[in-house]
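Chain residues, written in single-letter form:
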Amino acid sequence: MSFIEVTLRLLTGFKQTLLIFALTLLFSLPLGLVIAFGSMSKFAPLRILVKVIVWIVRGVPLMLQIFVVYYVPGFILGQPLASRFNSVILAFSINYACYLSEIYRGGIESISLSQYEAGQVLGMTKTQIFFKIILLQVIKRILAPISNEVITLVKDTALARVIMVVEILKVAENFATKALIWPLFYTGVFYLLFVGVLTLLFGYCERKLGYFRA
Amino acid sequence: MAVLEVNNLSKRFGTSEVLKEVSFTLSQGEILAVIGSSGSGKTTLLRCLNFLESIESGSIKVHDRVLFDSNDQVKYDENDIRQRRLHFGLIFQSFNLFPQYTALENVTLAPILALKKNSDSSTYRSKLSEDIRAEGIALLERMGLETKQDSYPHQLSGGQQQRVAIARALALKPDILCFDEPTSALDPELTGEVLKVIRSLADGNTTMIIVTHEMQFAKEIADNIMFLDEGMVVEYGNADEILSNSKNERIMKFLDRYESTGDY
């Protein structure tokens with residue numbers, strides 16, 4: 001099999017990798033914020049519930065969580081709740097939302113109380129204070145740890161293959177079972193290029209937010 | 001008629017009483033300086049007036065309207081408190097400007113948000129927000145900051161930041177402007193420019209409460225002085241009389257300390 005053919009086949013797998021990556025971010029970034037608010041809630045039962053969920057999700061391997069989401073409903077209901085692909089998205093989104101929630105929480109709690117008070121004495125509502133004053137300062141502060149999570153996600157997508165979602169590494173493994181080993185190592189180039197693009201993107205965002213100090 | 005009437009205001013943190021039955025009134029254009037050593041409750045008093053702290057007992061009236069009375073068993077919701085706060089403006093010791101907004105945006109943010117919340121017609125709204133902008137520019141000019149309207153807080157000196165903060169508070173046209181040690185975080189050479197601005201507000205008939213350690217400034221600008229000690233009003237009255245002729249032992253000791261350290 002020629003280099004071009006292998007590249008094209010790997011690219012179809014990589015498209016799936018990108019799809020998992022993008023959908024996971026799409027769902028986990030906002031969900032993480034909801035979880036962060038839950039973990040900071042003044043209502044103790046909610047706060048404890050959220051903290052227990054975060055503990056479980058962060059405490060169990062992501063691979064196991066994928067298995068649970070895909071197979072457990074099947075055991076109980078007799079058929080899977082979601083397709084293989086959707087199960088992967090669900091497991092990834094919840095997992096990443098929990099990690100992100102802790103980054104959000106740290107960022108939000110690092111903003112001085114006096115910023116809230118300054119908004120309060122100007123008659124702003126809680127929502128206005130959060131979205132117009134606090135949020136951008138939080139984003140600036142958490143950009144670096146978020147970039148870590150996002151880059152980790154790029155490589156975690158490879159776990160989708162454990163329930164036969166064919167992303168780039170699975171494509172390469174299929175070659176390997178037919179005694180074609182080098183495509184396996186070739187996948188590294190795809191990951192590296194993509195992570196390179198993301199690194200540049202985060203650098204750009206950091207420069208964009210460099211106009212103020214917080 | 002009194003602009004502000006505070007009656008028997010008390011505040012507790014846990015078991016310690018921070019304010020004990022503080023009462024005073026302010027008439028239009030009056031300037032009250034609140035002095036006292038740290039921990040005497042000066043800042044807490046301002047925070048209570050601005051509804052940043054809950055109040056145990058007492059009442060607050062502005063223009064004869066009751067803003068708070070511990071005898072009425074009403075629970076104010078967030079919206080009520082927000083409306084009540086607007087009678088007061090608060091200038092913080094550490095400025096607390098919003099770092100991601102320019103000087104002008106810091107001044108206009110709250111009025112524009114209030115506008116968006118309160119009016120429906122968008123053409124009318126854009127006209128009004130133009131007005132708010134123009135007013136913000138005028139306020140910054142009054143603060144001597146006409147060239148700094150597009151600067152971000154970190155590009156400004158402490159004195160400039162505090163003047164933006166004053167403009168920001170003025171933009172909402174509060175009945176009473178409260179200053180919480182407005183120059184304590186400033187280098188001595190920057191103190192003057194902030195005091196000058198406060199002086200100009202005094203000439204403009206602004207009703208103010210100023211918590212300060214600048215005794216000379218208090219003497220010069222204030223109509224009345226309140227001396228707080230351990231949350232109690234030890235002395236309250238005409239500024240000159242208190243600072244020059246007080247017979248009260250505690251206030252004399254306090255003033256002595258300032259004179260001996262030369263900390264004017």
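From a predicted model like this one, the values you see are computed outputs, not experimental measurements.

1. Focus: the overall build of chain B
Then, in step 1: Along its length, chain B carries 9 helices and 10 strands.
Then, in step 2: The C-alpha radius of gyration computed for chain B amounts to 19 Å, which stays within 12% of the reference 18 Å derived for 264 residues, consistent with globular compactness.
Then, in step 3: Seen along its three principal axes, the alpha-carbon backbone of chain B occupies a region of about 60 × 50 × 35 Å.
Then, in step 4: Out of the 264 residues in chain B, the part that is buried amounts to 53%.

2. With respect to the interface of chain A and chain B
How big an interface is tends to be stated in terms of accessible area lost as the parts join.
Then, in step 1: Between chain A and chain B, the contact holds 21 residues from the first and 24 residues from the second.
Then, in step 2: When chain A packs against chain B, the two sides together hide about 2,200 Å² of surface, and 62% of this comes from carbon and sulfur.
Then, in step 3: Counting across the interface, chain A meets chain B through 1 salt bridge.
Then, in step 4: One can count 10 residue pairs in polar contact (both at pLDDT 80 or more) joining chain A with chain B.
Then, in step 5: For the side of chain A that touches chain B, the elements supplying multiple residues, two or more each, are helix 5 (113-121) and helix 6 (126-156) of chain A.
Then, in step 6: It is helix 5 of chain A that provides the largest number of residues to the side of chain A that touches chain B, a total of 7 residues.
Then, in step 7: Its residues assigned to classes, the side of chain A that touches chain B shows 9 nonpolar, 8 polar and 4 charged.

3. Quick notes on the pattern of salt bridges
Two side chains carrying opposite charge are able to pair once their charged atoms lie near each other.
Then, in step 1: Enumeration according to the criterion identifies 11 salt bridges over all chains in this entry.
Then, in step 2: Of the charged contacts in the structure, one is a salt bridge between Glu109(A) and Arg105(A), with a shortest N-O distance of 3.3 Å. Pair noted here: Glu109(A) and Arg105(A) are both in helix 4 (residues 84-110), with a separation of 4 residues, about one helical turn.
Then, in step 3: In this structure, the salt-bridge partner of Glu135(B) is Lys173(B), at a minimum N-O distance of 2.6 Å. Taken together, the residues span a long stretch of sequence, with Glu135(B) in helix 4 (residues 122-142) and Lys173(B) in the loop between helix 5 (158-170) and strand 7 (176-180) at a distance of 38 residues.
Then, in step 4: Note on Glu135(B): relative accessible area 37%, which makes it partly exposed.
Then, in step 5: According to the relative accessible area criterion, Lys173(B) is exposed, its value standing at 57%.
Then, in step 6: Via salt bridges that share partners, Glu102(A), Arg105(A) and Glu109(A) belong to a single interconnected network.

4. Some points on helix 5 of chain B
Quick reminder: α-helices carry 3.6 residues per turn. Residues three or four places apart thus point the same way.
Then, in step 1: Between the first and last C-alpha of helix 5 of chain B there are 18 Å, a value that for 13 residues agrees with the 18 Å anticipated at 1.5 Å per step.
Then, in step 2: Most of helix 5 of chain B is tucked away, with 13 of its 13 residues classed as buried.

5. Observations regarding the sheet that holds strand 7 of chain B
In sheet architecture, strand pairing relies on hydrogen bonds along the backbone and comes in two forms, parallel and antiparallel.
Residues and elements named next belong to chain B.
Then, in step 1: Spatial ordering of the open sheet is given by 6-7-8-3-9-10, a layout of 6 strands whose pairing is mixed. Sheet topology places strand 6 (88-91) and strand 10 (232-238) at the edges, where each strand pairs with a single neighbour. With strand direction ignored, the average angle separating the axes of adjacent strands in the sheet is 15°.
Then, in step 2: Where strand 9 (residues 224-229) meets strand 10, 6 bridges bridge the pair, whose relative direction is antiparallel. Note that in strand 10 the partner of Leu228 across the bridge is Val233.
Then, in step 3: Across the sheet, helix 5 lies against strand 6 and strand 7, angled at about 170° from strand 6, the strand it touches most.

6. Overview of helix 5 of chain A
Then, in step 1: By the burial criterion, the buried members of helix 5 of chain A are Ser114(A), Gln115(A), Glu117(A), Ala118(A), Gly119(A) and Val121(A).
Then, in step 2: The inward-facing, buried residues of helix 5 of chain A abut helix 6 of chain A together with helix 1 (42-49), helix 2 (78-85), strand 6 and helix 5 of chain B.
Then, in step 3: Phi turns positive, to about 75°, at Gly123(A), one or two residues after helix 5 of chain A.

7. Focus: the confidence of the model for chain B
All names here are of chain B.
Then, in step 1: A residue-level look at chain B finds 97% of positions with pLDDT of 70 or above and a mean pLDDT of 89.
Then, in step 2: The weakest mean pLDDT in chain B belongs to helix 9 (residues 249-261) at 73; the strongest belongs to strand 6 at 96.
Then, in step 3: We note a pTM of 0.87 for the whole complex and an ipTM of 0.90 for its interfaces.

Criteria and thresholds
Residues numbered from 1 in each chain as written. Chains lettered and ligands numbered in written order. Predicted model: local features only at pLDDT ≥ 70, side-chain atom pairs only at ≥ 80, totals over all residues. Heavy atoms only, no water. Helix = DSSP H or I, 4+ residues; strand = E, 2+ residues; numbered from the N terminus. Rg over C-alpha atoms; globule rule 2.2 N^0.38 Å. Buried < 20%, exposed > 50% of the residue type's maximum accessible area, 1.4 Å probe, protein only. Contact = heavy atoms within 4.5 Å. Buried area = accessible area lost by both parts, 1.4 Å probe. Salt bridge = Lys/Arg side-chain N within 4 Å of Asp/Glu carboxyl O. Polar contact = N/O pair within 3.5 Å; in protein donor to acceptor, adjacent residues only side chain to side chain. Nonpolar A, V, L, I, M, F, W, Y, C, P; charged D, E, K, R; others polar. Expected span 1.5 Å × (residues − 1). Pairing = 2+ DSSP bridges. Axes fitted to C-alpha atoms, helices over the stretch in contact; angles between N-to-C directions. pLDDT = per-residue confidence, 0-100.

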